[in-house]
Structure formats: C-alpha cells, structure tokens
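Chains, contacts and geometry: an overview
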Amino acid sequence: MRQSLSLLGYLALLLVLVAAPFMGAYPIFMMKLFCMALFACAFNLLFGYTGMLSFGHAAFLGGAGYITGHALKVWGVPPEVGLLLGTAFGAFLGLVVGYLAIKRQGIYFTMITLALAQMLYFLWLQAPFTGGEDGLQGVPRGTLLGFIDLRSDLTMYYVCLAIVAAAFLFIMRVVHSPFGHVLHAIKENEPRATSLGYDTNRFKLLVFVLSAALSGLAGALKTLVLGFATLTDVHWTMSGHAVLMTLVGGMGTMAGPLVGALVVVAIENKVGEWGHWMANLTSIDWFRSLGESVTIVTGFIFVICVLLFRRGIVGEVLHFLGRRGKRPGA
Amino acid sequence: MDTFFGVPLPALLGQVLLGLVNGSFYAILSLGLAIIFGLLNVINFAHGALFMMGAVVAWMGGHYLGLSYWTMLLLAPLVVGAFGIVLERLLLRWTYKLDHIYGLLLTLGLTLLIEGAFRSAYGVSGLSYQTPALLQGGVNLGFMFMPKYRAWVVIASLIVCFTAWYLIEKTRLGAYLRAGTENPRLVEAFGINVPLMITLTYGAGVALAAFAGVLAAPIYQVSPLMGQNLIITVFAVVVIGGMGSILGSIVTGLMLGVVEGLTRVFYPEASSTVVFVIMAIVLLIRPAGLFGKEK
Amino acid sequence: MSDYILTTQNLTKQFKGFTAVDDVNLQVQRGHIHALIGPNGAGKTTCFNLLTKFLVPTRGRIFFNGVDITGEKPAQIARRGVIRSFQISAVFAHLSVLENVRIGLQRQLGTQYHFWKSDATLRQLDARALELLGEVGLRDWADEITVNLPYGRKRALEIATTLAMEPELMLLDEPTQGMGHEDVDRVTALIKKVSVGRTILMVEHNMKVVATIADRISVLQRGAMLAEGSYEEVSRDPRVMQAYMGTSEGQLQGAH
Amino acid sequence: QEKVVIGFVTDMSSLYSDVDGRNGAVAAQMAIDDHGGQVLGQPVELLTHDHQNKADIAAAKVREWIDTQNAKMILGGTNSGTALASATVASEKKVLYINNGAGTSALTNAQCSPYTIHYAYDTVALARGTGAAIVAEGGKDWFFLTADYAFGHALEADTAATVKAAGGTVKGAVRHPLNASDFSSFLLQAQGSGAQILGLANAGGDTINAIKSANEFGVTQTMRMAGLLLFLTDIHSMGLETTQGLQFTTSYYWDRDDASREWAQRFFDRTGRMPTSVQAANYSAVANWLKAVEEAGTTDADAVNAVLRGKPLSDFYASGVIRPDGRYAHDMYLVEVKKPEESSREWDYLKVIKPLPADEIWTRQEESKCALWK
Amino acid sequence: MLTLVSHSQPASAAGADGSATMALEIVDLHGWYGESHVLHGVNLQVRRGEVVTLLGRNGAGRTSILRAITGLIGKRRGAIRINGVETIAMPTYRIAHLGVGYCPEERGIFASLTAEENLLLPPPLKGHGPGMPLEEIYAMFPNLKERRQSPGTRLSGGEQQMLAVARILRTGANILLLDEISEGLAPVIVQALARMVETLRSKGYTIVMVEQNFRFAAPLADRFYVIEHGQVVEHFLAHELEAKADLLAELLGV
Ligand SMILES: Nc1ncnc2c1ncn2[C@@H]1O[C@H](COP(=O)(O)OP(=O)(O)OP(=O)(O)O)[C@@H](O)[C@H]1O
Ligand SMILES: Nc1ncnc2c1ncn2[C@@H]1O[C@H](COP(=O)(O)OP(=O)(O)OP(=O)(O)O)[C@@H](O)[C@H]1O
Ligand SMILES: [Mg+2]
Ligand SMILES: [Mg+2]
C-alpha cells in the first residue's frame, strides 16, 4: 500500500522530469543534477543502507569520468561503450579499494577510503592523458547505439533521464532484493548476521563494488553530458559532497539523495543570488559575499545536519508523516 | 664508494634528516589525533584546519601586536586550544553518544567553516612569516647545508612529543587520561571530573596541532588551505600506526616522514603517494596497524 | 561418539597472559538442554565465542557431530547448524519482526547474493516465518518494527530467528536476562518447547530456569570446569555451592 | 528596459581568488563605469559568479547567462579547466568569450574558436619571455623544479626549448608532486646540479613554498631563481625579504608608467590593493569590448569580433593586436623583485628589467594548430 | 514496602528526622540499561557507621543498585540521598565527592596503569578527612607493595581484588560500596578482607556490601536486604539471621 503510494510519487516525478524541458528547466543543469543524484544514491546504497561511510567515492565518479572521456575522445568508441567502460572501471576500482578498506571497520574504514582516494587523485593528476588542471576537454557525445544523435541537448536529456531512472530503479531493486535484506541486517547488527551464517565481508565487498560501479556510471554520464572531465570530480571534496547530499536529503531513504542533490547543487549554483537577495531584503551587506563562501555555507550545513537534523529532509518528513509506519525506504 | 643506489651516503643522511622534519609534523599531528581519539572517540577532521589556525594566529600576533615568534610559539597554541575548548563544549559533546561517524562529519563541517572564514579574511595566496632572527641561516654539515630552523623543528617537536609522552605515561594527570581511555565511567566514579578532562584533552590535542602550525609558519606557505592535504596524509599515518599507543603514533609519524623523504630522492614522482601505498601494504599484512591492538 | 553432538578437547583461550577459558572438555549430548553456569567472568561467554569462532582458541579442538570444526569461520559454523544468541539482545532493530525471522530463513533459498531479484521472492518464506513467530507467541506482532517490542519479546524474537536457521545445536547466552517474572516463565517454557528434536546449550544465571529445564549442567569457574552433572548433583556439590551458589549446605543446615 | 549583460565567472573563493576574484570584478565594473555605465544607449550590467575552479559550474553558469540573461559577452577568469569548458559553451552559443587568467595556450591553439579571445598571459609567453630574457642576461645553465602534471610539464618543455634555442643548456629537472609543501629534498638535488638558474615550473603554493625553502637552504646564494608563473600577490604574500632578486614575466605592473600608475591608483582607492596583471586585463578587456560595441553599433558577437580582431589596441594595460586565433598578442615585461631596501612603500615590489616584444614570445603562426589562422 | 524504620531502628537512632544520621537513603529507585529495566522501585536506608549487605541471586540487581548510587547505570529515577544530599541529578564525579567510594564487581583495574598508579588514581576527596595512608595500605596488603610496579591487570585475580578495595581507602571516602569483594579469592585473603571490614567498621565507615559468599557476609553485617528482580523483597537484622534461614533458603535458591 505504502510502497505503491511512493511508486506513484516517483511516477509523478518522472512525468514532471519528462515534461521539464518544456517548462523552462535547463537540460544541462538538470542532467548534471541527475548525475549528482545518481552519485548520491550510489553512495547512499553503501552508507545509508549498509552503514559504511566511504570518504573516497570521488575516486569512482571521477575515475570513471576520465576513462569514459578518454575512450570517447581518443579511442572514438560509441557512447554506450564509453558508459559501460566507465561503469566497469568504477566497479574495478571499487573492488580494489573495497577489498582493502573492509579490513577495518567504522572510522578506520572511512579514513582508509579517504586515503586511497587521495592516492588515486595524485595518480590522475600525474597521468598524462587527464590533462592535469586543464582537464580532459572536448569529449564528443557521439551517436548512441548507432542511431540516436546525442548532440542535441534535448535528446541527451531524455537518454540521461532514462539511464538515471533505470539506475535508480536498479538501486531500489537492490535495496529491496534478498541481498538488500541481508545488507540491512548487517547494518543493524553485524555479529548477529554473522551468527546467522552470512559471510558479512563478502556482502560488504559486493555492495561496495555495486556502489562504486553506479558512481562510475554517474561519472561516465557526467563526462558524456558535459563534454569534459576535470580534477574536481576526483578531489576529496567531491566525496564530501556525496556525504553532504545524502546527509541533507536523508540517509537510508530512497528519495533522500535526490532531494539532497537538488539542495547541494542548487547551493553551489545559486547561493550567490540568494546572498544578493538577502542583502537587499535585510540591507546587511555581508550577504553579498555569500556567493564567495560556498564552503562556509557547506560547512554550516554539515554542522547543522549533524547536530539537529540527522535524519535529513526526507527522513524528517517520513518521520513526521508516519511514526508508526513501516521502515523508511518506501 | 660511499654510495647507496648512486646517492652518496652523507647526502642520504641529509635526506633522512630532512625527512625527519616532515615526520615531526606527522608525529605531532597524529599524536594529537590519537590523544583526542583515545578519550573522545572522535576522529578530529578539523585537525588540519586547527594546524592552519596555529600558523595564522602566529602571523596575526606578529602582524597586529608585534609579538615575536617565540611569544607566539607559546601563545598561539593557547589561543587555538581555547578555541578548541569552546568547540568541544558547544558542539562536539553532542556527538559522543552517537556513532563515531558523526564526530567525523561534524569536525569536517567545522573544517570547512574555519578554512572558509580564514580564507575570506586573508585570501589564499598566503601570509609571509619570517624565520626568527635567532634561527636564520644554517650550518654547513659538509655534505649539506642544514638550516638552523629545520634542526630546531626536529628538536622542538621531539621535545614536545617526548613531553607529551612523559605527561601521559609517567604523571598523575596522564594516569587519569590513560584510565579514562580504558573506562571513563569508572574514573568518573572516583570523583574525577571526566567531562572537564575530555574538554581539556580536546583543547590539548588542538593546541598540539596549533603548535605544529606555528613551527610550520616560517617554512611553509601560511595560507588557509595549508592543513587540507596534510590531514589526509596524517590519516594514512594513523591507519598505519593504529593509534594503539602514544609512542606508536610518534614513531610511525617520524618513520613515515623519513620514508617519504627518501622517496623524494629515489623516485620523486611517487613521494606524494608513498604513504598511501605503505598504508595499503600494512592493511594487507597487519590490518590492525603496526601498533594497533586487535579488537 | 554420535551420542555427543558437540565436544571440546582442552579448549583454552588466553588474553594477553590471562586465561579466560582453561582446558575445558565439554561434552554436550544430543537432545539435551545443557546449561553452562558459573560466576561472573568464569568464561561462559568466552566459551560461546570460541564455539562459534567469534574468538580463535589459543589451544584445543572443537568437534561438531564428530567433525573437527576448529579451523572454520563463524559463518561456516553457523551453516553447519550451530546457531547462537547473544547475551545483550541481538535483533535487527529497524527490521520488522517478520523480516527478522526471514533473515534467518533466507539463506536456505540460496539467493542471498541476488541483488537483482525482487524481495517478492522472499514472500514464500512468510508462512514459515509466521509459524515460527507463532511458536514464540509473536504472531500478532509480525508487522511491528522490532525496536518497539518490549524487552522480553525481543528475546523471544531472537529465539525465533535462531530457530529459523533450523539449528541442530542452539547456543543461548542468558536468554532470560533482564526480564520480568512472566517473561522468564514464558521464555523458559519456550526453550523447553523448542528443544524438542534439538540440542540446546545455554548460559543462565537464573537457577530456577536451570532447575526446571536443564538436563545436564556444567559449572565453570575461572575458566576451568568445576563440576558437571544433573541439577541435583551439581547443586549439592560443595565446591559449586562455594564458588557459585553462594553458600554451603552446611551453613544453611546449621541454621535450621 | 533593455540592458547589456556581461557575465564574469571566475574563482572567487579558492586557489586563485587573490589573483582575480572579487577585485577582478571591481576592475571590470570600473571599465563599465568609465564608459558611462551604458553602451548603445543601454545600461550595462555585470553579473558575477564564483566557479570555485570547477569546470562544470563555470560552464553551467555561462550557459545560463547566455540563455536566460541574454549575456552578450562572457569574461572568464582562472583556471584553465574552467576556461576551456566555458569557451566551448560560449562558442557553441556564438557569444564572445574573453579570458584573463587561464594559463593554457590551448584556448588559442588546438581549441581556438572565433568566439574566444585570450587576453592576458599564457604559459607559452611566460616560459619564452622568462627563458629567453634570462639567457640573454647571461643565465645559461638551467635546472627545473617542475610540478609533476600536465601544466608543469608544459611550462618546463616550453622554457627548456627557449633556453636551448637561445644558446643555454638544461642541466636537469626534478619533478615534485602537487602541493608538495616540503621542497628541501628537491632543492638539494637542484643545488647539486651546478646550474645557475632554477626555473620554477609550478604555481601558487608550490612556487611559494619552493622559494621559501630555497632561501632557507641558501640555494639563492648559488642560483638565481626564475618564476615561470608568478603574480604580484605572490610577492606580496611572501615579502621582499624572501623573494628579492626573483625574475619573472608579467603583462602588467602597476608602477610601469604614468598611465598604469594612474589607473592602479584608482583601483587601489576602491580595493585597498594594487591590481594584479589579470585584474588590469579585466578592465582593459571590458573597456575595449565596449568601445568595439559602440563602433560596431551592435552587440552581435560576429560584428564586434570584426572590429576587435586585427585592430591595434593600446591602453595603460598593454599595446598589441588581437590575432585571428584569438590571442591578444601584446608586449610583456621581464621584472625582478626589488631588494627590501629598494622598496619605498607597500606594493613597491618590482622593477622592470626589460620589455619583451610581442612577436618574440607568443605562439607563432607556423607552430599553431589553430584552424582559424592558416 | 516493608516498614523499615520501625522494624530495625537501633536505640541510638534519631527521632523523626532520620536523615540526620542517614548516610544513604534510597526511595523508589528505578534503573535501566538501555531498554532493559532492571531496578523496579528499590527502597533502602543505611545509617552512618552501619554495615549493610545486599543479598540476592545472580542477576537480582544488587550490582545495579550500587551502580545507580554512583550514577553509573544507564538511566535512573527516584531519589538517592547521600548524607541528606539529593544526588539523582548529579554528575557521577560530584557524587564521589560526597564521600562515596566504589569498588566495582569487575574490579576495574586499569591495564595501562601500574599497580601503584592504580592505587593512587582516585584523588583525595575534598572536605573529607585524610584517607588511609599508603604505608598502612601496604601493611594491610603486602602483596601490593611487592607488585606495585607491574601493570595492573598482570596481578592475580586476588591481588586485583585487593587493589580495587585498597584504591578507595586512600581517598577519604567514608561510604564504601563493595561489590563481591570476596569473589575468586583464596580463603586466607577472604579472612583478611573480613578483618579489614571489621577494622573499617570500627573506624566509623559506612559500608554497603554485595555478597554471594554468605559465609563471608553473615558475621560482618548489621543488617541485610534481600533483592530479587530489582526490588527489595526482604530485610532483617543480623540477629534475625537464624530465624530467617528458611526464608533465605527459598529466596536465594539454595
Ligand atoms: N576480549 C577479551 N580480552 C581480555 N579479556 C577478556 C576478553 N573477553 C573476556 N575477557 C575476560 O575473560 C573472562 C571471562 O569472560 P566471559 O565474558 O566469558 O565471562 P562470563 O562467564 O560470560 O561472565 P558473565 O556471567 O558476567 O557474563 C573475564 O574475566 C573477562 O574479563
Ligand atoms: N550493562 C548491562 N546491560 C544490560 N543488562 C545488564 C547490564 N548489567 C547488568 N544487566 C542485567 O541487569 C540485571 C541485574 O544485574 P546485576 O549485575 O545488578 O545483578 P547482580 O545482582 O549484581 O548479580 P550478579 O552480580 O550475581 O550477576 C541482570 O539481569 C543483568 O543481566
Ligand atoms: Mg557472559
Ligand atoms: Mg553483581
């Protein structure tokens, strides 16, 4: 009942998104939002549903972006192959990083993912084909499956929407799969899951790889849409973004990362305008410099979320709506 | 004749000495992290930002008040430590009952706030900080020129690390701390104000970071972002060392500084990644870290 | 030999020079409810941890159904049918009661890694799950989120989940701890009920429970086996009285 | 009422915010104000945005301004990644994109576009200017301290080629990772090479840390240092004590002549800081664009382009001409940092050693891969 | 509940205002560990200079009562007055300063401290007389003197137990909460501890003991409380012990 209700909600959202370009939404902005939302959802699969806080997810997003960009630009592969390569690369990195990181738990796990991602950052920076600070520019979109010309933003928009929606459904399926149920159990009580005969490390590694692969897909798609891949996406602050989006939206909820991505991307793009607006409203001139203080605003949100809204926006809403309802996730 | 892989031995010795300088920073910072983690169970992500604050506050003291390096070497840790105490009292303590992850996220947020605030106040290109007159110049060791200041950094940090070790391992206060790390509730039942102790410990850990910051001010660019990359490397150091013991974190810090220094000579391209590679290897062989205790 | 479902030989666990379990030779007979008692810190929980490989023994061997399982991993042992409960209540707090039990049942489907399958495939387990919940009197609570259960019910749920694993041998660590009178009686009855066709090894401080249902009792003291036998034998053993029951018969008899 | 919108996207909060940033916007606004605040009878509005050095944010903002605000010109600041991404969007939309502050020469080379103008420096000019001038001054043996990524490699390669062409030799190079912070090991290796000149093929914090360490280790006593990418703000932050004697190339220094001083003073009055070359270029670029719009009688990019390109330009910032590839080829200057005792006041940091003529320093036609310039 | 005051008031007790001589007064105390509710309304009182023993089976909640007094239990409700001061809302460390010394059941010896550091750990309590001097403690427990430089947990179980008791004698605390101090100790040491309790009583200490070892506790205590399921179910004076033997046998399950 509840599940079908939320399914209806997502269907409505999908319809809105299909119509969005005709209602004045920016295809490119929306597509970037989709990519970030997918990234956040992938991260949430790990953090929200398995309780493992990775601080190295930028490595998968950005790494896949570079691989896809290079494949499309230099090898001239078609976009579908580029996306697959990116996803596969994300999965591969996930396997390596995950294998090392799950050797420790809790806070150590987090530090290890952060450190390994930082190492990869240096490798990307030094690798000749990434273009260092210039980034890998001028990646062609090409023709999907040989007949869908992606050069039109509108076509790209629908392809992007389709891919992200599919990935979202996939994540939903993973969460509500037999595998997902075991993950939930591991998150709740790992020793108990072990005592019920589950080899928890294998589950953790598999979900880590899945999460990394999906992050890779997000990165690959982002490169395809924007036509470039830069260091921003492999820097640890991008991993921080994944955490922030999930935390703001509500970890362990399906819709949370979507909302979180919207909020965070909007802040990045609009906080300057809000600052001016606030300045005009309150005639406090300080607000004008808000646009240059995105990190301060971000930091502030982190602090507020941790201290006051640990459930995140969606989490708080769900909590408010149904205190005795089923578990969040619907 | 006296060469090692084509590098003259004395020169190699020089590089080891230089590695110790960086190792000193790793040691002080990972020591601070370990102390804080021991009692608060919080991984203090803001450590890098507080390191930066130490350097900037030292600069402020000189710039606005004309206070000397030596004064600031004492004063900056106090000021930043006091700031840390405020943070702990106002914010950090609400996370103790939660998962450790929230402590990390909160301090990450604080890092962004602190760095952002300093950036909007002082820009990013940095502030100039002169080496104190007493320590300018250097000594020619024959095989290399050793700036006096670098030697001072190694000595000062060894002194600080040793003092910290002594305080913790050999004194009554240290006994409270060690006992508190094992079983804070019982220590409290003996009438010791553990909440206060936690606050002060955080202040002290933070002061250590600030001290390292002041030490770094004359040799590194003093800028709001100076702690950002350092802290991630220190995290790797912490994973390698295991935060099991005070001495362990000091030794690991120094050791990795030296290893990194030698990498700069033999394979400079890898010098930024070597610590992480070592971390990966240690994880494979000894997941609990070199000095870590099995759970 | 097949009389004994579980035996240990010289099982020993040392922590940094401190011996928590000391040369224990335990023999659990098939079909028994076997109680492990002893003072606090005697090493009972450690013993459980060794049997389920949550801890690695320093020395000694463990046989289950005559097979040496000393070298196996916790999950492997669980799959053999040795399932434990925890001293501190161990449920999956934010899963529903039904889902808790289903986690236990799910492994038999062999789809635990199938991340692409719908969880509708798990519905086939619901009937059995409800049946198990019925056994522990939780059928009406099936859709409740587990955190909301009262403490005693949680312990019952834990037992249901453990049963879901079709255990040949159940290890229960203080199943009645932290319960009120009625709960204790209910759980005692429950254990008795589910012991049919199974073997149970349990740690319990509540002597009334032990007296009612235990077929055999082993007493640990400071890591070592102090005495073994039926309740009557053990409770009359002066060493046990001294070490555990808290007073010696003589004292009380003298008071008569 | 109709208005003419100029969009300015740059780094206002991150690594390069001192070089350009908020004060860069002040400079652009000054140009608008000096032009009377309007062009073709319509008011001119300057929009600004902080891209935090993120290419996707820069590109998205440029696109949004063009689509929703009908922006007629985009002024772009540091860094290269954002510049290349913004340029792509602008030329797709056929709107003029003028960049000051990105180092990459790709903007006017492999990725040149009729709608892109690279106005201030690029790394090729910095490398050649400094390289050739110093060799000519007698600094023949070079050793490079190079940031180990594409940017550093390019700077090193360009400079090394110039040095060799001018008759100098390159004794070696050591590659350091980005944000190395500790340069002592690398400097000892440089010192061991016996070269006269230490070329710093890096930027920002790395350059500053390298210079600080070089002083500390007495490297400056045996070698002269050549910064390949330095700004006035870097000198300001390190102080003359540390930087004295350092040589580098710049397109503008405030204390060069009367015209530059006059404008700089006005800038100083508004911001409390002397302008960097990038900030000065912002003014110059906007002013020249506004003039070209008046002359063309329209804001249409193609028409304005026709006026701007090929016409000799000259103002307090520089004199030169915007070539078909979009490069504003103007003179640059080799400067040296004064000794503390030579400096009479704050911001009095540099002395001009010699001008570097435009035809010697920029990418030449025969080297260019730009299709527009064949 | 039981009518404690009338039932067991010694002749010397004060009249209406009992709290003047009350070292410890507990009214309707509830306590929880996380969600498990273990104390269900405990009422008990201890006069100054009295030795009181809490009896009960394993898991009855005796330890939890001591932990509740010191504020170590997860959550507590009710009233706990120490020397007339209400402490239910006090932080743990302040409670200690009212003169409470706690010797935990699990001994709580710190591994990273030497035996002597363990011994010196609890700070002297302000406003209380000097505690037992170190020499006196060492005289009482010669083993500790011998092993004072070893890490705390390297001591034998018995030595650790001595250390745990000795530790709180130094601070000047005069209300001692002793949890199963005789457990796991050799008879000689148990005898030594019994003598120690006698000595402490004669010095005017107030002592609340939890004991399994009935033989140890019986001759020491002035009064007994029997705890079951987190409640006081029975209470009697030392001389009533014999009369109550049957009841005890039933209550304690032996
Ligand atoms: N990981 C460990 N490291 C060191 N010592 C341990 C460890 N685990 C248990 N011990 C010690 O081993 C002894 C036995 O502990 P265990 O938990 O098995 O006791 P128990 O018999 O279950 O007691 P209880 O009835 O209190 O649950 C105790 O002294 C305990 O302190
Ligand atoms: N930390 C804890 N968490 C949860 N439950 C606990 C905890 N400590 C004790 N309990 C439970 O609280 C109840 C009372 O325990 P307590 O330790 O007070 O008993 P006790 O009378 O001292 O018995 P003994 O010391 O002989 O075990 C028991 O059911 C016990 O299992
Ligand atoms: Mg136990
Ligand atoms: Mg007890």
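As the structure is a computational prediction, the values presented were derived from the model and not from experiment.

1. Some remarks on the overall build of chain A
- Across its full length, chain A holds 13 helices and two strands.
- The C-alpha radius of gyration of chain A comes to 20 Å, within 12% of the 20 Å expected for a compact globule of 330 residues.
- Reported as C-alpha extents along the three principal axes, the dimensions of chain A are approximately 55 × 55 × 40 Å.
- Expressed as a percentage of its 330 residues, the buried residues of chain A come to 65%.

2. Description of the UniProt feature "transmembrane region" (unreviewed entry) in chain A
- With numbering matched to this structure, UniProt assigns "transmembrane region" (unreviewed entry) to residues 81-100, 107-124, 155-175, 205-230, 242-265 and 286-309 of chain A.
- Helix makes up 75% of residues 242-265 of chain A and strand 0%, with an end-to-end C-alpha separation of 11 Å.

3. Topic: the state of the cysteines
- Inspection of every chain in the model, using the stated rule, returns one disulfide over all chains.
- Not part of a disulfide, Cys41 of chain A finds its nearest cysteine sulfur in Cys35 of chain A, a span of 12 Å.

4. What to know about helix H13 (residues 301-308) of chain D
All names here are of chain D.
- For H13, the set of buried residues is Ala301, Val304, Asn305, Val307 and Leu308. Angularly, the buried residues of H13 cover 160° about the axis, an arc narrow enough to put them on a single face.
- For H13, the secondary structure elements touched by its buried residues are strand E5 (96-99), strand E6 (116-118), helix H12 (277-296) and strand E13 (319-322).
- Just beyond H13, the residue with positive phi is Gly310, at close to 90°.

5. Side note on the interface of chain A and chain C
- Across the contact, 29 residues belong to chain A and 38 residues belong to chain C.
- Between chain A and chain C, roughly 2900 Å² of surface is buried when both sides are summed, and carbon and sulfur atoms account for 62% of that area.
- Considering only the side of chain A, the residues that lose the most area to chain C are Pro178, Arg192 and Leu196 of chain A, jointly responsible for 24% of the buried surface there.
- Linking chain A with chain C are zero salt bridges.
- Counting residues per element, the ones that place at least two in the side of chain A that touches chain C are helix H6 (153-175), helix H7 (178-188), helix H8 (190-195) and helix H9 (200-226) of chain A.
- Top contributing element to the side of chain A that touches chain C by residue count: H7 of chain A, with seven residues.

6. Focus on the environment of Phe228 of chain A
- Residue placement: Phe228 of chain A occurs in the loop between H9 and helix H10 (236-249).
- A relative accessible area of 7% means that Phe228 of chain A is categorised as buried.
- Put simply, Phe228 of chain A and Val139 of chain A are 89 residues apart on the chain and 5.7 Å apart in space, counted from C-alpha to C-alpha.
- Among all residues touching Phe228 of chain A, those that are not within four sequence positions of it are Leu136, Gln137, Val139 and Thr223 of chain A together with Ala55, Asp56, Ala59 and Ala85 of chain D.

7. Comments concerning the coordination of the magnesium ion (ligand 4)
Residues and elements named next belong to chain E.
- Thr63 (OG1), Glu105 (OE) and Glu105 (OE) make up the full set of protein donors to the magnesium ion (ligand 4), lying at 1.8 to 2.7 Å. Here Thr63 is found in helix H2 (residues 62-69), whereas its partner Glu105 is found in the loop between strand E6 (100-103) and helix H4 (115-120), with 42 residues between them in sequence.
- Here Glu105 falls in the buried class, since its relative accessible area comes to 17%.

8. Digging into the packing of helix H5 (residues 148-170) of chain B against helix H6 (residues 172-182) of chain B
Residue and element names in this part refer to chain B.
- Contact geometry of H5 with H6 gives a least axis separation of 5 Å together with a crossing angle of 75°. For the element pair H5 / H6, the angle class is roughly perpendicular. The residues of H6 that touch H5, namely those facing Leu167, Ile168, Glu169 and Lys170, are Arg172, Gly174, Ala175, Leu177 and Arg178.
- Residues belonging to the contact of H5 with H6 are distributed by class as follows: four nonpolar, one polar and four charged.

9. A short note on the pairing of strand E4 (residues 73-76) of chain D
Residues and elements named next belong to chain D.
- Side chains Met73 and Leu75 of E4 all project onto a buried face; the interleaved residues Ile74 and Gly76 project onto the opposite face, where all are buried too.
- With four bridges joining them, strand E1 (residues 4-10) and E4 adopt parallel strand pairing. Bridge pairing in E4 places Phe8 opposite Leu75.
- Direction of pairing for E4 relative to E5: parallel, over a ladder of four bridges. By the bridge assignment, Ile74 is partnered in E5 with Tyr97.
- One crossover worth recording links E4 to the parallel E5 by way of helix H3 (residues 80-92), and it is right-handed.

10. As for the sheet that holds strand E7 (residues 82-84) of chain C
Residue and element names in this part refer to chain C.
- Taken together, the six strands give an open sheet; going across it, the order is E7-E8-E9-E4-E10-E11, and neighbouring strands pair in mixed fashion. Strands at the two margins of the open sheet, each flanked by one partner only, are E7 and strand E11 (224-229). Looking at each pair of strands side by side, their axes are set apart by 20° on average, direction ignored.
- Relative to E11, strand E10 (residues 216-221) is paired through five bridges, and the arrangement is antiparallel. Note on E11: the bridge partner recorded for Ile217 is Gly229.
- Along the sheet, helix H5 (residues 151-164) makes contact with E7 and strand E8 (169-173), crossing E8 at roughly 160°.

11. Section: a nonpolar patch on the surface
- A cluster of nonpolar side chains, namely Tyr99 of chain A together with Val277, Ile281, Leu284 and Ile285 of chain B, defines an oily patch on the protein surface of about 490 Å² accessible area.
- Per-element accounting of the nonpolar patch gives the leading share, four residues, to helix H11 (residues 274-285) of chain B.
- Mapped onto the fold, Ile285 of chain B is located in helix H11.
- On the basis of relative accessible area, Ile285 of chain B is assigned to the exposed category, the value being 64%.

12. Section: the domain arrangement of chain C
All names here are of chain C.
- Per the domain assignment, the segments making up chain C are domain 1 (1-81 + 167-256) and domain 2 (94-166).
- In this complex, domain 1 contributes 19 residues to the contact, which on the side of domain 2 involves 13 residues.
- Summed over both partners, the interface of domain 1 with domain 2 comes to about 1400 Å²; 61% of that surface belongs to carbon and sulfur atoms.
- Per-residue buried area on domain 1 facing domain 2 is highest for Pro167, Arg186 and Leu190; these three make up 30% of the total on that side.
- In this structure, the connection of domain 1 to domain 2 is made through one salt bridge.

13. Thoughts on the sheet that holds strand E14 (residues 328-330) of chain D
Residue and element names in this part refer to chain D.
- The strand order E12-E13-E14 describes an open sheet built from three strands, whose pairing is antiparallel. Both edges of this open sheet fall to strand E12 (312-314) and E14, since each of them pairs with a single strand only. Each strand of the sheet is rotated relative to its neighbour by a mean of 30°, with strand direction disregarded.
- Examined bridge by bridge, E13 and E14 share three bridges and lie antiparallel to one another. Paired with Gly320 across the strands is His330, a residue of E14.

Thresholds, definitions, all that
- Residues numbered from 1 in each chain as written.
- Chains lettered and ligands numbered in written order.
- Predicted model: local features only at pLDDT ≥ 70, side-chain atom pairs only at ≥ 80, totals over all residues.
- Heavy atoms only, no water.
- Helix = DSSP H or I, 4+ residues; strand = E, 2+ residues; numbered from the N terminus.
- Rg over C-alpha atoms; globule rule 2.2 N^0.38 Å.
- Buried < 20%, exposed > 50% of the residue type's maximum accessible area, 1.4 Å probe, protein only.
- UniProt positions renumbered as here; feature names shortened; annotations may be inferred.
- Disulfide = S-S within 2.5 Å.
- Arc of directions from axis to C-beta.
- Contact = heavy atoms within 4.5 Å.
- Buried area = accessible area lost by both parts, 1.4 Å probe.
- Salt bridge = Lys/Arg side-chain N within 4 Å of Asp/Glu carboxyl O.
- Donors = N, O, S within 2.8 Å, 3.2 Å for Na, K, Ca; no water.
- Axes fitted to C-alpha atoms, helices over the stretch in contact; angles between N-to-C directions.
- Parallel < 35°, antiparallel > 145°, perpendicular 65-115°, else oblique.
- Nonpolar A, V, L, I, M, F, W, Y, C, P; charged D, E, K, R; others polar.
- Pairing = 2+ DSSP bridges.
- Right-handed = clockwise from strand over helix to strand, strands pointing away.
- Patch = residues over 30% accessible without salt bridge, like charges linked within 9 Å, V, L, I, M, F, W, Y side chains within 5 Å.
- Areas by Shrake-Rupley, 256 points an atom, 1.4 Å probe, with all protein chains shown as cover.
- Domains from an automatic or database assignment.

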